Structures are given as structure tokens and as C-alpha cells.
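Chain by chain, the residues:
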Amino acid sequence: MTVEEYLAGLEHPRIRDIEVVRAAILGAEPAAVESVKWNAPNFAMGGQDRVTFRLQPGGRFQVVLHRGARVKDSSGFTFEDPDNLVTWASADRGVIDVPAGVASSGELARVLAVICRWLRVE
């Protein structure tokens, strides 16, 4: 199933925000490869899954930043988050709570900047 097909059948109260963030990522990172993973849009770079939307339960919309499905050695790994948008579960796995109305609130640029930096991390 393509992401377009997935989103066409998605009933979610934050569908507009999901579409806006998805389009922003694709526009900013043309090398990102999109798929459906964990029942949500997912973005990979260089064959490695890096960013996955979390849309459940309920009306949640979060962006999960990770370095693939397998746990990696994160000793020495750092990531700058000057705006403190990310809640870190570990040194290399974090979550951004996407604010409602992200495009109209002016937060899209800040959220996108973090996601794009994360996609480029080795």
C-alpha cells in the first residue's frame, strides 16, 4: 500500500496536520523514501528508517525520531535540539508532539527543521 492510499482511507481528526507535515518533509528532503510502517507514514534515508508518524491512539499526532528498528550503540551519539521540541526516550530515540494547526500556528518551520536534521544524522 502506498502512503497516498493509506492516507486516503485514514479517518483521523488531525488529517490536515498529517498531510501538511508529510508534504513539508517530502518537499524539504527529496532523498527521503516514504513508506507505510507501523500503520503510519514512515521516512527512510539511505535504506534506514528514520522518522515514523505515530497516529494512535485517538487523535494523537507525534513524529518518532529513531535510527532504525534495531537498537544501536548510542554511546557518543548526540543530537542538538535547541528548541527542546523532542522528548527523548533514549539518546537516539525521541518524539515530537506535533501541535494542532501546525501550519497556521507557525510551528511547521521549527518542527520541519528538527525532522530534516534528524534525517541527515549518521
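A. Molecular detail of unusual backbone geometry. The omega angle of the peptide bond from Q56 to P57 is 0 degrees, so this bond is cis rather than trans. Position of P57 relative to the elements: it lies in the loop between β3 (48-54) and β4 (62-65). Positive phi outside glycine occurs at W38, with the angle close to 55 degrees. Mapped onto the elements of the fold, W38 is located in the loop between β1 (33-37) and β2 (40-45). Of note in the backbone geometry, N84 takes a positive phi value of approximately 55 degrees without being a glycine. Looking at where N84 falls in the secondary structure, it is placed in the loop between β4 and β5 (86-90).

B. Looking closely at helix α4 (residues 108-120). Over its 13 residues, α4 runs 18 Å from end to end, which matches the ideal 18 Å to within 8%, given 1.5 Å per residue. Along α4, the residues that are buried comprise V111, L112, V114, I115, C116, W118 and L119.

C. Spotlight on the packing of aromatic side chains. Across all of its chains, the model carries five aromatic pairs by this definition. Summarising the aromatic geometry, the rings of F53 and F61 are spaced 5.1 Å apart at their centres and angled 65 degrees between planes, so their arrangement reads as edge-to-face. Across this residue pair, the class does not change: F53 and F61 are buried. Ring geometry for F79 against W88: centres 5.9 Å apart, planes inclined by 65 degrees, an arrangement best described as edge-to-face. Cluster of aromatic residues (ring-pair linked, three or more members): F43, F53 and F61. Against the face of W38 rests K37, its NZ or CZ located 4.5 Å from the ring centre.

About the thresholds
Residues numbered from 1 in each chain as written. Predicted model: local features only at pLDDT ≥ 70, side-chain atom pairs only at ≥ 80, totals over all residues. Heavy atoms only, no water. Helix = DSSP H or I, 4+ residues; strand = E, 2+ residues; numbered from the N terminus. Expected span 1.5 Å × (residues − 1). Buried < 20%, exposed > 50% of the residue type's maximum accessible area, 1.4 Å probe, protein only. Phe/Tyr/Trp six-rings, centres within 6.5 Å; stacked < 30°, edge-to-face > 60°. Lys NZ or Arg CZ within 6 Å of the ring centre and 35° of its normal.

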